[in-house]
Amino acid sequence: MPGCFKKTLFALASLVSFVSFILIVVAMGTPKWMTGKILCKTGADLVNATDPELVKFIGEIYYGLFRGGKIRQCGLGGRRSQFTSGFLVLAVTSFMAAVKLHHLTERIASFRENVFQFVVLEERFEDSFWLCVASATAHAVNLLLVAISEIHFPKIKTKTEEANVTAEDIMY
């Protein structure tokens with residue numbers, strides 16, 4: 001029968017697992033994991049825009065695991081578009097590395113754009129991403145709690161057959 005210390009650690013580990021599950025459910029339900037500001041470089045270059053005029057060419061982009069959207073500002077007012085994204089694999093593996101190393105926001109902003117080229121001015125991780133980081137941390141704490149409890153799981157014993165060697169076996 002486990003002692004009070006082990007029972008407490010397992011109860012705490014169960015609570016941490018439940019909190020981690022809730023964090024993942026909440027994070028997956030929100031559409032914004034990454035937000036940013038995008039510059040319509042083609043439009044700004046065409047009119048040779050300077051600082052005060054550049055505001056007309058700065059749009060917004062956001063995306064999450066399943067969907068996203070952007071507001072294109074190419075000098076003629078904002079044009080809203082939405083897209084479906086399948087970043088479930090990226091979220092599971094390494095969302096942050098994919099965003100930074102592969103310039104994911106810039107690639108999404110310029111996706112299916114024939115005329116305009118967009119440049120990312122600013123990008124930031126939103127609360128949903130940090131909820132997933134918190135959930136991963138909760139899993140790490142859970143593993144640590146189980147390791148601290150020092151539970152000795154039963155070892156699997158295999159039966160070894162005893163060798164019955166007789167003199168007749170040796171002769172032949």
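It should be noted that the structure appears before, not after, this text.
Note that the structure is a prediction, hence the values are computed from the model and not measured. (Residues numbered from 1 in each chain as written. Predicted model: local features only at pLDDT ≥ 70, side-chain atom pairs only at ≥ 80, totals over all residues. Heavy atoms only, no water.)

Draft legend 1. Representation of the state of the cysteines. Under the criterion given, the structure shown has one disulfide. At a sulfur-sulfur separation of 2.5 Å, the disulfide partner of cysteine 40 is cysteine 74. In this structure the cystine formed by cysteine 40 and cysteine 74 twists about its S-S bond by roughly 100°; its chirality is therefore right-handed. Of this pair, cysteine 40 sits in strand S1 (residues 34–40) while cysteine 74 sits in the loop between strand S3 (67–73) and strand S4 (78–84), placing them 34 residues apart in sequence. (Disulfide = S-S within 2.5 Å. Helix = DSSP H or I, 4+ residues; strand = E, 2+ residues; numbered from the N terminus.)

Draft legend 2. Main features of a nonpolar patch on the surface. Judged by side-chain polarity, Leu12, Leu15, Phe18, Val19, Phe21, Ile22, Val25 and Val26 come together as a nonpolar surface patch covering roughly 720 Å² of accessible area. Positionally, phenylalanine 18 belongs in helix H1 (residues 4–29). For phenylalanine 18, a relative accessible area of 51% corresponds to the exposed category. (Patch = residues over 30% accessible without salt bridge, like charges linked within 9 Å, V, L, I, M, F, W, Y side chains within 5 Å. Areas by Shrake-Rupley, 256 points an atom, 1.4 Å probe, with all protein chains shown as cover. Salt bridge = Lys/Arg side-chain N within 4 Å of Asp/Glu carboxyl O. Buried < 20%, exposed > 50% of the residue type's maximum accessible area, 1.4 Å probe, protein only.)

Draft legend 3. Quick look at the packing of aromatic side chains. Applying the stated criterion to the full structure yields zero aromatic pairs. If you follow lysine 32 out to its NZ or CZ, it ends over the ring of tyrosine 62, 4.9 Å from the centre. (Phe/Tyr/Trp six-rings, centres within 6.5 Å; stacked < 30°, edge-to-face > 60°. Lys NZ or Arg CZ within 6 Å of the ring centre and 35° of its normal.)

Draft legend 4. Fine view of the pairing of strand S2 (residues 58–63). Residues of S2 alternate between two faces, with Gly59, Ile61 and Tyr63 buried on one and Ile58, Glu60 and Tyr62 left unburied on the opposite face. Note: S1 against S2, six bridges, orientation antiparallel. Paired with methionine 34 across the two strands is tyrosine 63, which belongs to S2. Alignment of S2 against S3, held across four bridges, turns out to be antiparallel. From the neighbouring strand, glutamate 60 faces S3, where its bridge partner is isoleucine 71. (Pairing = 2+ DSSP bridges.)

Draft legend 5. Expanded view of the pairing of S4. Across seven bridges, S3 lies against S4 in antiparallel orientation. The partner of glutamine 73 across the bridge, within S4, is glycine 78. Between the end of S3 and the start of S4, which pair antiparallel, lie four residues, with glycine 75 showing a positive phi angle near 95°.

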